[in-house]
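Per-entry structural report
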Amino acid sequence: MIGEEALPRLKEINSKYQMFRAMTDDKDIGDSKFLFSAKDNLTSMDMETCSGSKILEGYHPVFDATPIANMRKAGGKLIGKTNMDEFGFGTFSTNSAFGIPRNPFDTNRSCGGSSGGSACAAAVIEDHVSIGVSTGGSVACPASFCGTYGIVPTYGRVSRYGLIDYGNSLDKPGLLSVDPKKLREYLPVISGKDPHDATSMCQPDLDLNSDRIKSVAVPKQALEGVSDDVTKAFNDALEILKGSGIDIEYVDMPELKYAMPAYYILATSEASTNLARYVGMRYGRQDGDMSKRFDDYFTEVRTGGFGVEAKRRILLGTYTRMEGFRDRYYAKALQVRLGVIEAYKKVFANHDAVLTPTMPFTSPKFSDIDKMTPVQNYQADFLTVPTNLSGTPHLNCPCGYDADGMPVGMQFVTDHWKENLLVNMAEDWDRMFEVRRAEVSL
Ligand code: GLN
């Protein structure tokens, strides 16, 4: 589906793949130069913004999130807000209150999460770029499951102004596309200092021209618990990289093992405070019984508005911050986070990048996801959370296909502010490996 040709058929495409929560009604591109979509946790003036949650239904933001504003300034037309796990809480986009995006390679399978709708749009619509957001892997995971490139720049490279917070110390907007050139083209557009977000103000210039990855470290710990299909595709990809002259060395990074529990403590701690603002007063739904006492009113709105996973995370995150428990959980997790950052820094003293599979398995069927416990869900993120805890930039490249033809992804991580290495890697890899496109039929 050519980008522009997709416009008149957007509703039809969406009824099959459910990538959009909201869509433009426009049938042509008008004066715009290109089309893009954005995850529904980025505010947009012309489209309702719900962050995948019923509690925000009816929220029409009065300003654009900076990455969206910057894309529009560059001539982009926002064609849709993409379906996602509620507030970003998930790995399969099945925790969405609206639509659950369908994998373009097999509609019985997940697009990954939480930016599943963005990956789906990137895979289905030709010539498309979508803005996703990663807190713990939500760009790399769906990119891996849908066979697209996905880049997340360093924490602070892209402003979070207008981003509906999940975990403020972790949230990072990024880009997904099947065309690696789009990463080079649009990363500078969404990046840059923004006085509305202080964490964006100390970044060095983004220069995407220089430098290539010459040596790669593969942590041995990252290959444990990975499915045979993924291991095979990953090992084949290592051979291709070696053949291109890149040095590959296996290293020990035992700290990676602790990243997943630490991430879920920190992310839920931050999430539980962020969600306190949704009480049916300022944003979204205000349909509770106002004659009730205010705490009964809040309880009614929050009980009806939040999904199961959001409630679980409020409980978990409130517990880990409670007096008497916070030293044991929250403070400990912060120490682990430092340990993970130091582990990466040690590797980056000798190597340009850390390389692992992105996900331990290929996209599961919805029927199998239903059987997973919350802990099994969280464990699926063990390869993507370490880089997100450390705020380092990372890239998913499609690197193979399993026996059912489902995509496998590998994830490059580089040192802070070295997005240039990743953008060059994506383009080089695209020449070395034949990326398959999903066959899209309506
Ligand atoms: N799957 C992870 C979580 O549920 C990461 C999600 C994200 O990056 N938003 O927290």
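Everything that follows concerns the structure shown earlier in this document.
Below: a short report on this structure. Given the structure is predicted, the values throughout are model-derived calculations rather than measurements.

1. Here's the deal with the layout of surface pockets
Counted as a void, the largest pocket has a volume near 320 Å³. Within the residue set of the lining of the largest pocket, elements represented by two or more residues are α10 (308-321) and α13 (374-379). Of the residues forming the lining of the largest pocket, the biggest block, 4 residues, is contributed by α10. Tallied by class, residues from the lining of the largest pocket come to 6 nonpolar, 8 polar and 5 charged. Lining the second largest pocket are 16 residues, and of these Gln-221, Ala-222, Leu-256, Lys-257 and Phe-382 sit closest to its centre. Sorting the residues of the lining of the second largest pocket by element identifies α8 (256-274), β11 (353-357) and β13 (407-414) as the ones contributing at least two each. With 3 residues, α8 is the single largest residue contributor to the lining of the second largest pocket.

2. Overview of helix α6 (residues 180-190)
Looking at α6, one finds that the buried residues are Pro-180, Lys-182, Leu-183, Tyr-186, Leu-187 and Ile-190. Buried residues in α6, looked at end-on, bunch into an arc of 120°, giving them a common side. In the stretch just after α6, Gly-192 is the one whose phi turns positive, near 120°.

3. Side note on the sheet that holds strand β8 (residues 172-177)
With mixed pairing, the 11 strands of this open sheet are ordered in space as β1-β3-β2-β6-β8-β7-β12-β13-β11-β9-β10. With one partner strand each, in any of the chains shown, β1 (20-23) and β10 (247-251) form the two edges of the open sheet. Strand-to-strand twist of the sheet, defined as the mean angle between neighbouring strand axes without regard to direction, takes the value 30°. As defined by bridge partners, strand β12 (residues 394-401) adjoins β13 across 7 bridges and the pair is classed as antiparallel. Its bridge partner lying in β13, Cys-397 is registered against Met-410. Against the sheet, helix α15 (residues 419-432) makes contact with β7 (149-152), β12 and β13, and its axis sits at roughly 15° relative to β12, the strand it touches most.

About the cut-offs
- Here the residue numbers are simple positions, counted from 1 along each chain's written sequence.
- Local features in a predicted model are, by the rule used here, given only for residues with pLDDT of at least 70; side-chain atom pairs are given and counted only at 80 or more, and totals for whole chains, interfaces and linings are based on all residues.
- Hydrogens and water molecules were not included; the side-chain quantities draw on all heavy atoms of the structure.
- A cavity here means a set of 1 Å grid points, computed over protein atoms only, where a 1.4 Å probe fits but cannot escape. A pocket is an open set with protein on both sides within 12 Å along at least 5 of 7 lines, and lining residues have an atom within 4 Å of a point.
- Grid points are joined across faces, edges and corners, and a volume is the space filled by probe spheres set on the points.
- Elements are defined by DSSP. Helices are runs of H or I of four residues or more, strands are runs of E of two residues or more, and each kind is numbered from the N terminus.
- Throughout, the ten residues Ala, Val, Leu, Ile, Met, Phe, Trp, Tyr, Cys and Pro are labelled nonpolar, Asp, Glu, Lys and Arg are labelled charged, and all others, Gly among them, are labelled polar.
- Exposure is judged per residue with a 1.4 Å probe applied to protein chains only, and the accessible area is read against the type maximum: over 50% gives exposed, under 20% gives buried, and values in between give partly exposed.
- The arc in question is formed by the directions pointing from the helix axis toward the C-beta atoms.
- Each pair of strands is called paired provided DSSP finds at least two bridges between the two strands.
- Working convention: axes come from line fits to C-alpha atoms, limited for helices to the stretch in contact. Angles between N-to-C directions cover 0 to 180 degrees.
- Two residues qualify as a contact provided that any one of their heavy atoms is within 4.5 Å of a heavy atom in the partner residue.

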